[in-house]
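Fold and geometry: a report
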Amino acid sequence: MASLTKNPPINPLPLVTKRWLISAAVVFGIYNPSGHSYYHWVTDGSGSLTLKLVVGIFLLAASVALVRMAFLSIGYRGIVAVLSLIYGSILFRVGLGWFEFVDVDIETYAILIWVSTIIGVGISWSFFQRRISGDKYVIKTP
Amino acid sequence: MHEFNWLSYLLRWVASILLVLATYNPFGFSYWDWLTHDGGYASLKVLAGVALLILHIVATVSTTRSLGIIGIGLLTAFYGAVAWLLVDHNLLDLNDPRMFALTGLLILAAVYGMGLSWSHIRNELSGQVHSIDVTNLTPI
């Protein structure tokens, strides 16, 4: 059997966790409010300029690759779907009575987690699609 | 099923370095020097030249296909910045023309290595598959 037609079972939790951690590392590495991020390191003004350049180009290349892979897998509809799930989870927690809806305060951390969730789910999605329906996400090269 | 791991990437990288340096290197021990400085063996030179040309075409075409212009640009910028970092910390002396040529060749080999690996890495990471449409075959 050709390897393209193989459809082995997937292990969803480690699959998504690994990819979510990779995207979170890039997103939080570029910026986070704790003061330890690439953004703070660059605007700090001290240290080796060339090392900053190397890390900067690496982060740029990594984010371009991750965002493109995620976007090609889920597209605008997938982003809307993931955001709807996040919104739904907030409403669910309100419904459970954990907090009032007026108390919901969107912090920078929440937005960063949402962005990394969208990218992580986007990178993982084609494995689920392949397992469920056998469809592959194929990129036609020039 | 065979998985693409660090060793697979390393092998492709080493093979690219061997290919690029075998074709030309600034230390006088390469196909180019054999071609220009030594006489004779014309048939063997043609054979080796065609073999190297085929390998270069395979590497170039797969790099262009999998990485694309944007990927090649980003990767070259990254390796260039790494070279600059080494120069900045006095680990690399680009005033020596041989080291300058070697750095350029190693950057080319590193781009080849990533170009040969990126389809595998992308498949491992995101499950997406690169494909070649052989019904309307374009030159690259």
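In the block above lies the structure referred to throughout.
First, a word on what this report is: a plain description of the structure on this page.

1. Observations regarding the overall build of chain A
Tallying secondary structure elements over chain A gives 4 helices and 1 strand in all. Beginning at the N terminus, the succession of helices and strands in chain A can be written as α-α-α-α-β. For 142 residues, the compact-globule estimate of 2.2 N^0.38 gives 14 Å, and the C-alpha radius of gyration of chain A, at 19 Å, exceeds that figure by more than 25%. With respect to the principal axes defined by its C-alpha atoms, chain A has extents near 55 × 50 × 25 Å. The buried share among the 142 residues of chain A stands at 15%. Long-range pairs, those at least 24 residues apart, make up 74% of the contacts in chain A between residues at least 6 apart in sequence.

2. Quick word on the interface of chain A and chain B
The interface of chain A with chain B comprises 26 residues on the first partner and 25 residues on the second. Here the side of chain A that touches chain B is built from residues that sort into 16 nonpolar, 6 polar and 4 charged. The pairing of strand E1 (residues 138-140) of chain A with strand E1 (residues 129-131) of chain B spans 3 bridges and is classified as parallel. Looking at the pairing, A:Lys140 lines up with B:Ser131 of E1(B).

3. Some remarks on the nonpolar core
Across soluble globular proteins, nonpolar side chains show a tendency to be buried alongside one another. Counting 16 residues, the largest nonpolar core has B:Leu75, B:Tyr79, B:Val82, B:Leu108, B:Val111, B:Tyr112 and B:Met114 as the members making the most contacts within it. Mapped onto this core, the elements with two or more residues apiece are helix H3 (42-88) and helix H4 (97-126) of chain B. When neighbours within four sequence positions are excluded, B:Leu75 is seen to be in contact with A:Ala61, B:Leu67, B:Val111 and B:Met114. The next biggest cluster of nonpolar side chains, apart from the first, holds 12 residues, and it includes A:Ala65, A:Leu66, A:Ile119 and A:Trp125.

4. Description of the packing of helix H1 (residues 6-23) of chain B against H3(B)
When two helices pack together, you describe them by how their axes are tilted relative to each other and by the distance separating the axes. Residue and element names in this part refer to chain B. Close contact between H1 and H3 brings their axes to 11 Å; oriented N to C, the two are set at 135°. Of the possible angle classes, the one that applies to H1 and H3 is oblique. The handedness of the crossing between H1 and H3 is left-handed. Contacts between H1 and H3 pair Ser-16, Leu-19, Ala-22 and Thr-23 from the former with Leu-52, Leu-55 and Ala-59 from the latter. Broken down by class, the residue content of the contact of H1 with H3 amounts to 5 nonpolar, 2 polar and no charged.

Definitions and cut-offs
Residues numbered from 1 in each chain as written. Chains lettered and ligands numbered in written order. Predicted model: local features only at pLDDT ≥ 70, side-chain atom pairs only at ≥ 80, totals over all residues. Helix = DSSP H or I, 4+ residues; strand = E, 2+ residues; numbered from the N terminus. Rg over C-alpha atoms; globule rule 2.2 N^0.38 Å. Buried ≥ 20, exposed ≤ 12 C-beta atoms within 10 Å, placed from the backbone. Contact = placed C-beta atoms within 7 Å. Nonpolar A, V, L, I, M, F, W, Y, C, P; charged D, E, K, R; others polar. Pairing = 2+ DSSP bridges. Core = buried A, V, L, I, M, F, W, Y, C linked by C-beta atoms within 7 Å. Axes fitted to C-alpha atoms, helices over the stretch in contact; angles between N-to-C directions. Parallel < 35°, antiparallel > 145°, perpendicular 65-115°, else oblique. Left-handed = near helix turned anticlockwise from the far one by under 90°.

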